[in-house]
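So you can see what is in the structure, the chains are spelled out below.
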Amino acid sequence: RAAKQEVTPLLGDQAIGLEARLSGDDHHSLRLWLRLLACSTDVETEIRKRLRTMFGMTLARFDYLAQLHRHPDGLRMSALSRFLMVTGGNVTGLTDELGKDGLVQRDAEPGDRRSYRVALTAKGRKVFGELVTIASEAGRRGLPNEAVYCASKFAQVGLTRALDRVILNRTLGL
């Protein structure tokens, strides 16, 4: 309750988010969930805006290229769909667009004529490398880093570990 009293007058309920209106009697897990959702939404909105203005690229395209960058030998389109958490149709559409731009290539999967493997082209690796370099520099000067630099290193490590446990528990079905 003391933390809310300190922050709310500085920003007001509207600026800090409606979840700030929850009282000390409300469940802390609900308050945390709402706060994480609000922070995630704010950071994602800013990242989308910066990708669009700096690179003329959508977050979906950036995520797609990032997944392929992590897998230099490429991925089956079905695996790419799982990693991106989108439908196969979305992956096919992005593959078509990025293929026309010369950033990815789609080849039949050896031994399975119904399956395709997608990989970055040389141009795709170069473009993604440039994106990451510029985005990393921009990130050091603003979001998402400003969202975490206001917390101490100890708090950052603690929050990261707590979120790692959330992900692990969800993965294990706990």
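Here is what the cut-offs are and how they apply
- Residues numbered from 1 in each chain as written.
- Predicted model: local features only at pLDDT ≥ 70, side-chain atom pairs only at ≥ 80, totals over all residues.
- Heavy atoms only, no water.
- Patch = residues over 30% accessible without salt bridge, like charges linked within 9 Å, V, L, I, M, F, W, Y side chains within 5 Å.
- Areas by Shrake-Rupley, 256 points an atom, 1.4 Å probe, with all protein chains shown as cover.
- Salt bridge = Lys/Arg side-chain N within 4 Å of Asp/Glu carboxyl O.
- Helix = DSSP H or I, 4+ residues; strand = E, 2+ residues; numbered from the N terminus.
- Buried < 20%, exposed > 50% of the residue type's maximum accessible area, 1.4 Å probe, protein only.
- Core = buried A, V, L, I, M, F, W, Y, C linked by side-chain atoms within 4.5 Å.
- Contact = heavy atoms within 4.5 Å.

> Residue-level account of a nonpolar patch on the surface, with values.
A surface patch of nonpolar side chains, about 390 Å² in accessible area, is lined by L32, L36, L159, L163 and V166. With three residues, the top contributor of residues to the nonpolar patch is helix α8 (residues 153–172). For L163, the position within the fold is in helix α8. The exposure class of L163 is partly exposed, given its relative accessible area of 32%.

> Can you break down the nonpolar core residue by residue, with the values?
Judged by nonpolar contacts, the single largest core of 22 residues is most densely connected at Y64, L65, L68, L80 and V104. The element contributing the most residues to this core is helix α3 (residues 59–70), with six residues. Among residues more than four places away in sequence, those in contact with L65 are M57, L98, L103, V104, L120, F128 and L131.

> Describe the environment of S78, naming the residues involved and giving the relevant values.
Looking at the secondary structure, you find S78 in helix α4 (residues 77–84). On the basis of relative accessibility, which here comes to 42%, the residue S78 falls in the partly exposed class. In this structure, the C-alpha to C-alpha distance between S78 and V91, residues 13 residues apart in sequence, is 8.4 Å.

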